[in-house]
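# Observations on the model geometry
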There are 2 protein chains.
Amino acid sequence: MIKITAKDNPLIKHINKLIKSAKYRKESCEFIAEGVRLCEDAFLSDAEITALVVSETALEKYADVIKKISQSASGFYVVSNSLFSSMSDTKSPQGVLCVIKTLDKSTLFDKIKDNGKFLALDNVQDPSNLGTILRTAEAVGIDGIVMSKDCCDIYSPKVVRGSMGAVFRLPYIITETIEEFIKSNRSLTSYASVVDRNVAKITDIDFNAPCVVAIGNEGNGLKKATIEACNSSFTIPMKGRAESLNAAVAASIIIWELVK
Amino acid sequence: MIKITAKDNPLIKHINKLIKSAKYRKESCEFIAEGVRLCEDAFLSDAEITALVVSETALEKYADVIKKISQSASGFYVVSNSLFSSMSDTKSPQGVLCVIKTLDKSTLFDKIKDNGKFLALDNVQDPSNLGTILRTAEAVGIDGIVMSKDCCDIYSPKVVRGSMGAVFRLPYIITETIEEFIKSNRSLTSYASVVDRNVAKITDIDFNAPCVVAIGNEGNGLKKATIEACNSSFTIPMKGRAESLNAAVAASIIIWELVK
């Protein structure tokens, strides 16, 4: 256990940059999980923890779980409560965070990808939406996630937190485009989820065979090339003047229909 | 059309208080809708608009819709862009807001209440969740909403905005308790939505008869008295380590199963 007191300590600066910058996360191949539950999730999922950082208060308050996590962390650091707060991404920090190597789920994903139910996220931009989608996908029982590389960063603190740790457990891959994934995985029946009265209703689709459902950007929906690559399209029928659903809600209804 | 320039004009002060205080909204029986679309929604729903307030830029930019709304508003005011921004609840205000009399939907609700599908919200606390629930309820086709009086304020700017105007169109009532509503409306089959492996799965319920589904607080679920008053309970089956859904997502899946 090493005590850090200086704000300009290299590790503290590294953590601050990992919290704030997607580009820096990509370059360093590391990301941050904050909070007792998320750090325990990382530990239980055998994620590679390069540093466990805790506040003085947390060191006493969460002694048992910190001891457990510290045994699998390459480094273990204690900082003052105020130094922890200055780094934290949350309003009331619990005082526990981990620096974690970005996960490689591609082998796991490849093993299952011919036989399961998958979501393909095409340019989903909002970290809260992505976090909610991952959380819902795990809770309802989706087998894996495909993301186009123009989706928001899965390692952003908001996504990691919003996913309730699903990011550690769900198999996923990041592909150049969803169109490409669909075209090279024809063993999966592919569906484009669109807002269009002229296509099939989601309730008329039989999702029993292995399949992938593509979900698009919050404002613009799916790319045209993605829709064209899919075997067919469906829509969620809607009523009322607004005739619209929140993006995370629409995705959740699709996930539910796909698996239930 | 009256021009207002002073920050301490009584109407400006009134609007600021309506935006910020649920208590003040209750006392004055008025609330705020902000944004072109929402103000048009209020107009189209025959809400009683006591004041239409627009910025100088909006007056030109949205001339047609402002003219339309102003004809049914008791007062019509123009303010500088900076004065509008100082009042606004949003980051990039469009420059259009209405002061509106709180709606009385109880007559409408009473007409339909023996024959339809209803949600009963028991102490739902988060305005974003309430807004999303109202928006989803309208889009999917719920007939009406019952809220316990300890729910967050349906007239909070966040709820009005998040509902995408559903607040103007959905019949709803606010009752002392959901328990009381269920006990005095036995023509509706009542269901408690709970997290409990020992009750029926939502997919095993036949929601064909007129019914009401009770949804509880984000952290604590339904009150015990509400669950006991209901004819039966159901749960959304969940997998994964987290075994949890975001409150708005869970409500959306329930709404979807109830109506689709």
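Remember, predicted model here, so these are calculated numbers, not experimental data.

Cut-offs used in this document
- Residues numbered from 1 in each chain as written.
- Chains lettered and ligands numbered in written order.
- Predicted model: local features only at pLDDT ≥ 70, side-chain atom pairs only at ≥ 80, totals over all residues.
- Heavy atoms only, no water.
- Least-squares fit on C-alpha atoms with pLDDT ≥ 70 in both.
- Contact = heavy atoms within 4.5 Å.
- Buried area = accessible area lost by both parts, 1.4 Å probe.
- Salt bridge = Lys/Arg side-chain N within 4 Å of Asp/Glu carboxyl O.
- Polar contact = N/O pair within 3.5 Å; in protein donor to acceptor, adjacent residues only side chain to side chain.
- Nonpolar A, V, L, I, M, F, W, Y, C, P; charged D, E, K, R; others polar.
- Pairing = 2+ DSSP bridges.
- Helix = DSSP H or I, 4+ residues; strand = E, 2+ residues; numbered from the N terminus.
- Buried < 20%, exposed > 50% of the residue type's maximum accessible area, 1.4 Å probe, protein only.
- Phe/Tyr/Trp six-rings, centres within 6.5 Å; stacked < 30°, edge-to-face > 60°.
- Axes fitted to C-alpha atoms, helices over the stretch in contact; angles between N-to-C directions.
- pLDDT = per-residue confidence, 0-100.
- Parallel < 35°, antiparallel > 145°, perpendicular 65-115°, else oblique.
- Left-handed = near helix turned anticlockwise from the far one by under 90°.
- Core = buried A, V, L, I, M, F, W, Y, C linked by side-chain atoms within 4.5 Å.

## Here we look at the relation of the copies chain B and chain A
The transform that puts chain B on chain A rotates by 180 degrees and translates by 0.0 Å along the axis, for an RMSD of 0.0 Å. Seen this way, the second copy is the image of the first under a two-fold rotation axis. With an isologous cut-off of 70% or more, the 100% of interface residues of chain B that recur at the interface of chain A puts this contact in the isologous class.

## Observations regarding the interface of chain B and chain A
Each partner contributes residues to the interface: chain B has 32 residues there, and chain A has 32 residues. Buried area between chain B and chain A, summed over both chains or domains, comes out near 2,700 Å², and the portion from carbon and sulfur atoms is 58%. For the interface between chain B and chain A, the tally reads four salt bridges. The residue K260 of chain A makes a salt bridge to E257 of chain B at a minimum N-O spacing of 3.1 Å. Connecting chain B to chain A are 12 residue pairs in polar contact (both at pLDDT 80 or more). Residue classes in the side of chain B that touches chain A are distributed as 14 nonpolar, eight polar and 10 charged.

## Notes on the pairing of strand 12 (residues 232-235) of chain B
Residues and elements named next belong to chain B. By the bridge criterion, three bridges tie strand 9 (residues 189-193) to strand 12 in an arrangement that is parallel. Directly across from S193, in strand 12, lies its bridge partner F234. Examined bridge by bridge, strand 10 (residues 200-201) and strand 12 share two bridges and lie parallel to one another. Bridge pairing links K201 to T235 in strand 12.

## Quick look at the side chain of S70 of chain A
All names here are of chain A. Here S70 lies in helix 5 (residues 63-72). With a relative accessible area of 16%, S70 lands in the buried category. When sequence neighbours within four positions are dropped, the list of residues in contact with S70 reads L52 and F76.

## What about the packing of aromatic side chains?
In total, this model carries 14 aromatic pairs over all chains according to the counting rule given. Judged by centre distance (5.1 Å) and plane angle (75 degrees), the rings of Y191 of chain B and F207 of chain B are edge-to-face. Of this pair, Y191 of chain B sits in strand 9 while F207 of chain B is found in the loop between strand 10 and strand 11 (211-215), placing the two residues 16 residues apart along the sequence. As far as burial versus exposure is concerned, Y191 of chain B and F207 of chain B are alike and both buried. Pairwise contacts between aromatic rings join F31, Y155 and F168 of chain A into one cluster.

## Quick notes on the sheet that holds strand 6 (residues 117-121) of chain B
All names here are of chain B. Here seven strands make up an open sheet; going across it, the order is 8-7-6-11-9-12-10 and the pairing parallel. Each end of this open sheet is capped by a strand with a single partner; those strands are strand 8 (172-175) and strand 10. Note that strand 6 and strand 7 (residues 144-148) share four bridges and pair parallel. When the bridges of strand 7 are listed, L121 appears paired with M147. Against the sheet, helix 8 (residues 127-140) touches strand 6 and strand 7, its axis set at about 175 degrees to strand 6.

## A short note on the pattern of salt bridges
For the structure on display, the rule yields 36 salt bridges over all chains. Residues joined in a network through salt bridges with shared partners are R37, D41, E138 and R169 of chain A together with R241 of chain B.

## So, the confidence of the model for chain A
Chain-level pLDDT for chain A is 95 on average; 100% of the residues reach the 70-or-more range. Predicted as a complex, the structure gets a pTM of 0.92 and an ipTM equal to 0.91.

## Focus: the packing of helix 13 (residues 247-259) of chain A against helix 13 (residues 247-259) of chain B
Look at helix 13 of chain A against helix 13 of chain B: their axes get within 9 Å of each other, and the N-to-C directions meet at 60 degrees. Comparing the axis directions of helix 13 of chain A and helix 13 of chain B gives the class oblique. The two elements helix 13 of chain A and helix 13 of chain B meet at a crossing, and its hand is right-handed. Contact with helix 13 of chain A, carried on its side by V249, S252, I253, W256 and E257 of chain A, involves V249, S252, I253, W256 and E257 of chain B of helix 13 of chain B and no other residues of that element. Residues belonging to the contact of helix 13 of chain A with helix 13 of chain B are distributed by class as follows: six nonpolar, two polar and two charged.

## Concerning the sheet that holds strand 5 (residues 96-101) of chain A
Residues and elements named next belong to chain A. Ordered in space as 1-4-3-5-2, the five strands form an open sheet in which the pairing is mixed. Lying at the two open borders of the sheet, with one neighbouring strand each, are strand 1 (2-4) and strand 2 (30-34). On average, each strand axis in the sheet is tilted by 25 degrees relative to the strand beside it, whichever way the strands run. Strand direction decides the pairing type here: strand 1 and strand 4 (residues 76-79), joined by three bridges, are parallel. In the sheet register, I4 faces strand 4, and the bridge partner there is V79.

## Describing unusual backbone geometry
Residues and elements named next belong to chain A. Even without glycine at this site, C29 takes up a positive phi of about 55 degrees. C29 sits in the partly exposed class, given a relative accessible area of 39%. For D46, which is not glycine, the phi torsion reads 60 degrees and is therefore positive. Its relative accessible area of 70% is what places D46 among the exposed residues.

## Brief notes about helix 1 (residues 10-20) of chain A
Helical geometry note: an α-helix holds 3.6 residues per turn, so side chains three or four residues apart project in the same direction. For helix 1 of chain A, the full list of buried residues reads L11, I12, H14, I15, N16, L18 and I19 of chain A. If you check the start of helix 1 of chain A, you find a side-chain oxygen 2.7 Å away from the backbone N of L11 of chain A, and it comes from N9 of chain A.

## So, the nonpolar core
Membership of the largest hydrophobic core comes to 130 residues, with the highest contact counts inside it found for L119 of chain A together with L119 of chain B. Sequence-distant contacts of L119 of chain B, that is, excluding residues within four places in its chain, are made with I133, A137, I142, G144, I145, V146, V212, V213, I215, I255 and L258 of chain B.

## So, the side chain of S252 of chain A
Position of S252 of chain A relative to the elements: it lies in helix 13. A distance of 2.7 Å separates the side chain of S252 of chain A from the backbone oxygen of A248 of chain A, its partner in a polar contact. When residues no more than four places from it in sequence are discounted, the contact partners of S252 of chain A are T136 of chain A together with V249 and I253 of chain B.

## A few points about the pairing of strand 11 (residues 211-215) of chain A
Consecutive side chains of a regular strand alternate in pointing toward one face of the sheet and then the other. All names here are of chain A. The element strand 11 is largely enclosed, with a buried count of five among its five residues. Sheet analysis places strand 6 (residues 117-121) next to strand 11, joined by five bridges and oriented parallel. Opposite F118, over in strand 11, you have V212 as the bridge partner. Pairing between strand 9 (residues 189-193) and strand 11: four bridges, direction parallel. Its bridge partner being in strand 11, A192 is matched across the sheet by A214.

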